[in-house]
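Take a look at the letters that make up each chain.
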Amino acid sequence: MDLPNKRPDDMVRITTAELANKFIEEQIALVKQQVGDKKVLLALSGGVDSSVVAALLIKAIGKQLVCVHVNHGLMRKGESEQVVEVFKNQLDANLVYIDATDRFLDLLKDVAEPEKKRKIIGGEFIKVFDEEARKLEGISFLAQGTIYPDILESDGVKAHHNVGGLPEDMQFELVEPVRLLYKDEVRVVGKALGLPVSMVERQPFPGPGLGVRCLGAITRDRLHALREADAILREEFDSAGLAGKVWQYFISVPDFKSVGVKNDKRYEGWPAIIRAVNTTDAMTATIEEIPYALLHKITARITSEVEGINRVVYDLTPKPVGTIEWE
C-alpha cells in the first residue's frame, strides 16, 4: 500500500478536538483496510509520536498491535513506568517490556566519546528490538511514529530516529498513521485519544536519552544523580507554571568534581548544569530568563536531596554559539 509522501495543499491544520477526532476516524478505517487481520509491531519509546501512534492503533486493531518498550536505563525518572501504566494497565495493550539497563550500561562502561556513546546506544537498541521481533510470530507490519518534518528532512526517505535499522531479512510493510502531521497536530490528536497531558506535552528527548546528558563516561552513581536532579528541575518548573512556556529544560552532569561543604566537612561532588531554552525550529535557540527565586529553590533542593551533587550552575549560552545538548 503506497502512502503519499506529500501533505495535500488543502489539508486543514488539526487544531481542535473535533478535527482530531475526524482524523482519528479516517485513520482507523485506513489502518483496518491496510492491516486486515494481521499483526503490527511498534517500538514504543514513550515519546509523543510513538505513543500517539500506539494509542491510535490500539483503537483501530486492539491486540493485533504488539508494542515493544525497551528500557535502556537512560530514561528520565518515571518514564518507563508511565509507559507500562498507560499502555498496559489503562489501555490494555499487547505490551512487551524489556529492562535492558544492565546490558546498555555494561557496554557504555568507560566510553567517554559522545559519538561513540550514541552509536553504541543506537546500535544496541536495534539489536534488542530485533531479538524481540524474532521471538514474535506472524508479524507483517511495522508501525512507526514518522511525522511530516521527518519526511521533509529526509526528502521522502525514512532513515530516521525510529527503528530504521532493522536487518535486511526483516522486511515489514510500514504503518505510519501520523506521517503527514506536524508535531503540534500530533499533540492535539494525542489529547483526543485520551493520553495523559504529561505524555502528549513531553519535551523533545534525544534517542540516547540521559546518555548524552551524563557527560563523558557514564557511571551508575552519576547517572542516578542526574536522573534525580532532572526530576527536581521538572517538578519545580511545573509548579512555577513554566512547563508550557519553556520549550526544553534539563540537567547535564559533567564528569568532574569540585570541593564543597556538607555537615561542616569538606566533600567533593559533581555540578548540575541547568539548561532552559526556547526555539521554534531547534536550529537557533534563546535562553529563557528564569526567576532567581526559583533558581535558588531548585539549587537548594538539588544540593540537599541529591547524593553526590554539590553545585548548581545555569547555562546562559544561546544557539549559536552553544548547541542545545552539551554532547
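If you're wondering where the values come from, they're calculated on a predicted model, not measured in any experiment.

Below, the discussion takes up the packing of aromatic side chains. Each aromatic ring pair is specified by the distance between its two centres and by the angle formed by the two planes. In the structure shown here, the tally under the stated rule is 3 aromatic pairs. Ring geometry for Phe125 versus Phe129: centroids 6.5 Å apart, planes at 5°, classification stacked. A residue pair is termed a helical-turn pair when its members lie 3 or 4 positions apart in one helix, as Phe125 and Phe129 do in helix H5 (residues 114-135) at 4 residues. Here Tyr148 and Tyr182 contribute two aromatic rings whose centre-to-centre distance is 5.6 Å and whose plane-to-plane angle is 90°, an arrangement assigned as edge-to-face.

Here the focus is the packing of helix H4 (residues 101-108) against H5. Axis separation between H4 and H5 bottoms out at 10 Å; the angle between their running directions is 150°. For H4 against H5, the interelement crossing comes out right-handed. On the side of H4, the interface is formed by Arg103, Phe104, Leu107 and Leu108, while H5 contributes Lys117, Ile120, Ile121, Glu124, Phe125, Lys127, Val128 and Glu131. When the residues that make up the contact of H4 with H5 are grouped by side-chain class, the tally is 7 nonpolar, no polar and 5 charged.

Moving on: the pattern of salt bridges. Pairing is possible between side chains of opposite charge, provided their charged atoms come close. Scanning the model with the defined rule gives 29 salt bridges in all. The closest approach of N and O atoms between Asp106 and Arg220, which form a salt bridge, is 3.3 Å. On the criterion of sequence distance, the pair formed by Asp106 in helix H4 and Arg220 in helix H9 (residues 220-239) is long-range, its members being 114 residues apart. The exposure class assigned to Asp106 is exposed, which follows from its relative accessible area of 53%. Taken together, the salt bridges that share partners define one network made up of Glu235, Glu236, Lys297, Arg301 and Glu305.

What counts, and at which threshold
Residues numbered from 1 in each chain as written. Predicted model: local features only at pLDDT ≥ 70, side-chain atom pairs only at ≥ 80, totals over all residues. Heavy atoms only, no water. Phe/Tyr/Trp six-rings, centres within 6.5 Å; stacked < 30°, edge-to-face > 60°. Helix = DSSP H or I, 4+ residues; strand = E, 2+ residues; numbered from the N terminus. Axes fitted to C-alpha atoms, helices over the stretch in contact; angles between N-to-C directions. Left-handed = near helix turned anticlockwise from the far one by under 90°. Contact = heavy atoms within 4.5 Å. Nonpolar A, V, L, I, M, F, W, Y, C, P; charged D, E, K, R; others polar. Salt bridge = Lys/Arg side-chain N within 4 Å of Asp/Glu carboxyl O. Buried < 20%, exposed > 50% of the residue type's maximum accessible area, 1.4 Å probe, protein only.

In short, geometric facts, not functional conclusions.
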